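# Chain and residue survey
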Amino acid sequence: MQLIEKYFPKLTIQQKAQFAQLQELYAFWNAQINVISRQDVENLYERHVLHSLSIAKVVKFREFASILDVGTGGGFPGIPLAIMFPESEFHLVDSIGKKIKVVQEIVKALELKNVRAEHCRAEQADGDYDFVVTRAVARMASLYEWVRPKISRNHVHPITNGILALKGGDLDEELAELKRKCRIFELQDFFEEEFFETKKIVYLPIG
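For the structure given in this document, a descriptive report is provided here. (Residues numbered from 1 in each chain as written. Predicted model: local features only at pLDDT ≥ 70, side-chain atom pairs only at ≥ 80, totals over all residues. Heavy atoms only, no water.)

### Digging into unusual backbone geometry
Selection rule: Helix numbers and strand numbers start at the N terminus; a helix is a DSSP run of H or I with at least 4 residues, a strand a run of E with at least 2.
Phe76 connects to Pro77 through a cis peptide bond whose omega is 5°. Relative to the helices and strands, Pro77 resides in the loop between β1 (66-70) and α5 (78-84). With a phi angle near 55°, Glu111 is a residue other than glycine that sits in the positive phi range. With respect to the secondary-structure elements, Glu111 resides in the loop between α6 (97-110) and β3 (115-119). Positive phi, normally seen in glycine, also occurs at Lys179, with a value near 60°. Of note, Lys179 is situated in the loop between α8 (172-178) and β6 (183-186).

And the structure:
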């Protein structure tokens, strides 16, 4: 929790309480259904929560903004972002039903009213979204084809609607395959921990 407050010092009491619950909730559910590695449960706030919140360093989602989290797994980046932006709406989807079950239970325990978690593929998600967020689910070219029709052309944020993908390592080949202009944000520019040295956000505007 200290790590989250270090980079996001203006959290409300409710947000602090919700973030503080995450460790116990993930330890409990992960023991039953493996959604993240055991080692990562011990480093939950750095490797999952703060990693997810790096998107909040790139864009502040507005009231009533609609965000689709593709391949949410155990609820990342969607759940931390939903805590950070309680006035925005989040739709978390994954093709693995047992992972969505865990997400639904954690959402219920946190009393997050702005999250809908659904067992489906990205292509089946029904909605018109400002942004798609994701974490290392698929190559950018595939992701673009899946979600392009779902991105709203009504832009209300300082940056154009599009995809915000958490990635790591060398992306040259993957981005060459995409054949579209995108912007890379280096997470080491936001966070000083060693874990973030090779981590990036790929922002692909659509519209």
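### Here's the deal with the packing of helix α2 (residues 13-32) against α6
Rule in force here: Geometry is summarised by axes, namely lines fitted to C-alpha atoms with helices restricted to the contacting stretch, and by angles between N-to-C directions that run from 0 to 180 degrees. Crossing handedness is read from the near helix: turned anticlockwise from the far helix by less than a right angle, it gives a left-handed crossing, and turned clockwise, a right-handed one. We call two residues in contact when some of their heavy atoms are within 4.5 Å. For this scheme, ten residues count as nonpolar: Ala, Val, Leu, Ile, Met, Phe, Trp, Tyr, Cys and Pro. Four count as charged, namely Asp, Glu, Lys and Arg, and the remainder, Gly too, count as polar.
Across the interface, α2 lies against α6 with an axial gap of 10 Å and an inter-helix angle of 145°. Classified by chirality, the crossing of α6 by α2 is right-handed. Only Val102, Glu105, Ile106, Ala109 and Leu110 of α6 make contact with α2, whose side of the interface consists of Gln18, Gln21, Leu22, Leu25, Tyr26 and Trp29. Each residue belonging to the contact of α2 with α6 can be placed in one class, and the counts come to eight nonpolar, two polar and one charged.

### What about the pattern of salt bridges?
Basically, it comes down to this: Criterion for a salt bridge: a side-chain nitrogen of Lys or Arg within 4 Å of a carboxyl oxygen of Asp or Glu. Relative accessibility under 20% of the residue-type maximum defines a buried residue, over 50% an exposed one, and the middle range a partly exposed one, all with a 1.4 Å probe and only protein chains included.
Per the stated rule, a full pass over the model turns up 13 salt bridges. In this structure, Glu193 and Lys6 form a salt bridge, with 2.9 Å as the shortest nitrogen-oxygen distance. Of this pair, Glu193 sits in the loop between β6 and β7 (199-205) while Lys6 sits in helix α1 (residues 2-7); the two residues are 187 residues apart in sequence, bridging distant segments of the chain. Arg116 is paired through a salt bridge with Asp126; the nearest N and O atoms lie 3.6 Å apart. Linking Arg116 in strand β3 with Asp126 in the loop between β3 and β4 (131-135), this pair joins segments that are 10 residues apart in sequence. Given the relative accessible area of 47%, Asp126 is considered partly exposed. Residues joined in a network through salt bridges with shared partners are Lys6, Glu192 and Glu193.

### Some details on the nonpolar core
Spelled out, the test is: The criterion is simple. A nonpolar core is a set of buried Ala, Val, Leu, Ile, Met, Phe, Trp, Tyr and Cys residues joined through side-chain atoms within 4.5 Å.
Within the largest apolar cluster, 55 residues are counted, with the highest numbers of intra-cluster contacts made by Leu22, Phe61, Ile79 and Leu164. Element by element, the count of residues in this core is highest for α6, at six residues. Grouped together as the second largest cluster of nonpolar side chains are 22 residues, Val93, Ile163, Leu178 and Ile206 included.

### Some points on the sheet that holds β1
This is how the line gets drawn: One bridge is not enough; two strands pair if DSSP finds at least two bridges between them.
Ordered by their spatial adjacency, seven strands build an open sheet running β3-β2-β1-β4-β5-β7-β6, and the pairing between neighbours is mixed. For this open sheet the edge positions go to β3 and β6, each flanked by a neighbour on one side alone. Across this sheet, the average inter-strand angle for adjacent strands is 20°, counted without regard to direction. In this sheet, strand β5 (residues 162-168) lies alongside β4 in parallel orientation, the contact comprising five bridges. Within the sheet, the bridge partner assigned to Thr134 lies in β5 and is Ala165. Strands in contact with α6 are β2 (89-94) and β3; relative to β3, the strand with the most contacts, it is inclined by about 160°.

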